[in-house]
Each structure stands twice: as structure tokens, then as C-alpha cells.
Amino acid sequence: MGKTGLIIFLVLCLNRVIAQNQNEVTQFSSVLNQFLNVRDFCISEDGNEAFFTIQSPLQDISQIVFIKKELNGWTEPELMPFSTSYMDLEPFLSHDGKRLFFVSDRPLNDSSKEKKDFDIWYVERSGPEKDWSSPTNIGTPVNSGLNEFYPSISNNNNLYFTLESPDGLGKDDIYISRWENGSYSTPQLLDENINTSGYEFNAFISKNEDFILFSRYNEDDGLGSGDLYISLKNEKGDWQKAKNIGAPINTKYMEYCPFYDETNQTLYFTSRRNNLSPKPFDSVSDFQEYINQSNNGLSKIYKTHFEINGLE
């Protein structure tokens, strides 16, 4: 395929991606409406476990919880066993379900009580019904004296994450640390087709690293606040210029924290969308139910069918 033909092909692919966004966007589960703020969701390969973060109204308390699918639906959320007084968030389950990555400001060891900057950590287990290990800091060169956020792992264990660094293109940028000879390499900044002088964060990498979904904040081509973007790789393995995936997934409100189920072509993401409108109420409980169950401007997890065409 010639260069011109490849460019046309990629543009058509991205346009077809955007065209898929006419599917219904719904809340993931009413089970989560008991919480004020819910964000950064991931689900297991078999669809039977989900992990997400619950937060206080001002996001100064943050804990990771899990639910399991049973015959009657999802179980009540439970705190992860490593829960502490520190902030834990942004879980990502490995594809074999045996390692859960997350972000925390907990100290490096039990001898200290002082919060650290945000690092990437993980816990491990031998199987779905087995106990989780104690948390392990992923260490250098991934973690540093800066804040690392939102880990996402490809099939070959390459790690994509957000880093707040003065050496980046913007305040928040997306980096890759490659898995080489049993350890992670020095993180590298993704190029200008992904990162800009603004804010890029919350990257989800596909299993084969052929597409990446992430958030951008207040871009000129955005619908408002934070939007979700996608970039595909070309035949040379280079990232193409990221495109806004458009409405109805993106709105004038904040959309972030994407997670994509490639098997079922389902996109999960966090949004602060709001469609509340004045109406008469029969009682206080009627009022509370309407406020809690609706898209009410607080962080909730949403899902939609989302086909990413043009990929092998």
C-alpha cells in the first residue's frame, strides 16, 4: 500500500470508528449508584469480576473495591484487602487475571507513616478465588519522585501510564515503559500524535498495542472539558494523529478513564454527564431515587458498544 493510500485508509478507519458512536450509552450498573463518585473501572477477561475506585465528594478519600457476577447479577461491592488510610485508585487487571496494578500514595514500607507521591503498585494471586498478596511497589525506573498514574498493560507486558513531568510536552503526558529481559525499561514519552502541550492522561492500551484510547482536556476540537480520543498504529508501527471519538460518548461534561473489552467490543468509561431536569416528586424518597439513579453530574461508570474497525 502506498503512502497516500495508507493515509486514506487510516482516515476512513478513524471515521468509521467515530461513526460507531451512535450506540446507546448506559450506566454500567445500578449497584454503583450507592456511591457519590465512582471512577477508573476495569473488568476481567471472562467478565465475572470488576474493579473500580470509590471516592469522597471532593476526591480526598479514595479506595478500590470489587464486585463479582453471580446468577442474580453483581454482588455488593467490597473493599480490596490491601485497603488502608492512604489513597488507592486506578486498578488494571492483567489479562491472565493474576496481577492487579493500581496507583497509591502509600509509603514504600510499613516503617513509615508519611505519604509518598503517587506510584504504581501491584498485588498478585494464583487464581480468581485465591487471596491477593501484599502490595508491591513496581519500583524504578517506572516510579520516580514525580506522580505516576493510570497503568495499562499490553499482552507483551509493555506498560503505558500518565506522568506529571517537567520534561514532558504538557502538564500530564502519556509514557511507555517496555518490558525487556524481565524488567521495565526507562519510560519514554509518546510522540506529538498522542501528547500535546495540554493535558493527556488515562491511556488504555490494546492487547496488541494497535490502538490507544485516552483523555484530553479542553482541546480545540473537543466537546467540552475532558474528551476521549483514539489513535491507531500504521503499518510501520507509528501512532497516527489522535482523533476525538465524538458524541454521544463525549459530551460537554468530563469523560475520562477509558477501559475497552476487545472481546465484546464494549467501551467502559467515567463521565460526569448530567441530564437532571426539574419535575414534581411524590415524596422525599422519590426525589432521592431520581437524583441517585440519574446521570447527575457526579462521576459514574458508563458503557457502550464501540466497534474499532480497520484492525487486524
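A. The arrangement of the sheet that holds strand 23 (residues 300-305) in detail. Taken together, the four strands give an open sheet; going across it, the order is 1-23-22-21, and neighbouring strands pair in antiparallel fashion. Sheet topology places strand 1 (26-27) and strand 21 (255-261) at the edges, where each strand pairs with a single neighbour. Here two bridges tie strand 1 to strand 23, and the two strands are oriented antiparallel to one another. Note on strand 23: the bridge partner recorded for Thr26 is Lys303.

B. Spatial organisation of the sheet that holds strand 11 (residues 148-153). With antiparallel pairing, the four strands of this open sheet are ordered in space as 11-12-13-16. Strands at the two margins of the open sheet, each flanked by one partner only, are strand 11 and strand 16 (188-189). Taken together, the five bridges between strand 12 (residues 159-163) and strand 13 (residues 173-177) define a ladder with antiparallel strand orientation. Bridged to Phe161 within strand 13 is Tyr175.

C. Structural view of the pairing of strand 18 (residues 211-217). Of all seven residues that make up strand 18, six are buried, and the element is covered over most of its length. Direction of pairing for strand 17 (residues 200-205) relative to strand 18: antiparallel, over a ladder of four bridges. Across the sheet, Phe204 pairs through a bridge with Leu213, a residue of strand 18. Counted along the chain from strand 17 to the antiparallel partner strand 18, the turn is five residues long, and its residue Glu209 has a positive phi close to 60°. Summarising the sheet, strand 18 and strand 19 (residues 226-232) pair through seven bridges and their orientation is antiparallel. Bridge pairing links Phe214 to Tyr229 in strand 19.

D. Quick look at the layout of surface pockets. Taken as a whole, the largest pocket holds about 390 Å³ of empty space. In this structure, the largest pocket is lined by 17 residues; those nearest its centre are Arg39, Gln59, Leu89, Glu90 and Phe149. At the level of secondary structure, the elements contributing two or more residues to the lining of the largest pocket comprise strand 7 (88-93) and strand 17. For the lining of the largest pocket, the class distribution of residues is eight nonpolar, four polar and five charged.

E. Quick peek at the packing of aromatic side chains. Evaluation of the coordinates by the stated rule reveals 21 aromatic pairs. Ring centres 5.9 Å apart and planes at 75° place the aromatic pair Phe28 and Tyr268 in the edge-to-face group. Pair noted here: Phe28 is in the loop between strand 1 and strand 2 (37-43) and Tyr268 is in strand 22 (residues 266-271), with a separation of 240 residues, a long-range link. This pair shows no difference in class: Phe28 is buried, exactly as Tyr268 is. Seen from their ring centres, Phe92 and Phe259 are 6.0 Å apart, and the 55° between their planes marks the pair as tilted. Taken together, the positions of Phe92 in strand 7 and Phe259 in strand 21 put the pair 167 residues apart, joining distant regions of the chain.

Here is what the cut-offs are and how they apply
- Residues numbered from 1 in each chain as written.
- Predicted model: local features only at pLDDT ≥ 70, side-chain atom pairs only at ≥ 80, totals over all residues.
- Heavy atoms only, no water.
- Pairing = 2+ DSSP bridges.
- Helix = DSSP H or I, 4+ residues; strand = E, 2+ residues; numbered from the N terminus.
- Buried < 20%, exposed > 50% of the residue type's maximum accessible area, 1.4 Å probe, protein only.
- 1 Å grid on protein atoms, 1.4 Å probe; cavity = no way out; pocket = protein on both sides within 12 Å on 5 of 7 lines; lining within 4 Å.
- Points joined across faces, edges and corners; volume = space filled by probe spheres on them.
- Nonpolar A, V, L, I, M, F, W, Y, C, P; charged D, E, K, R; others polar.
- Phe/Tyr/Trp six-rings, centres within 6.5 Å; stacked < 30°, edge-to-face > 60°.

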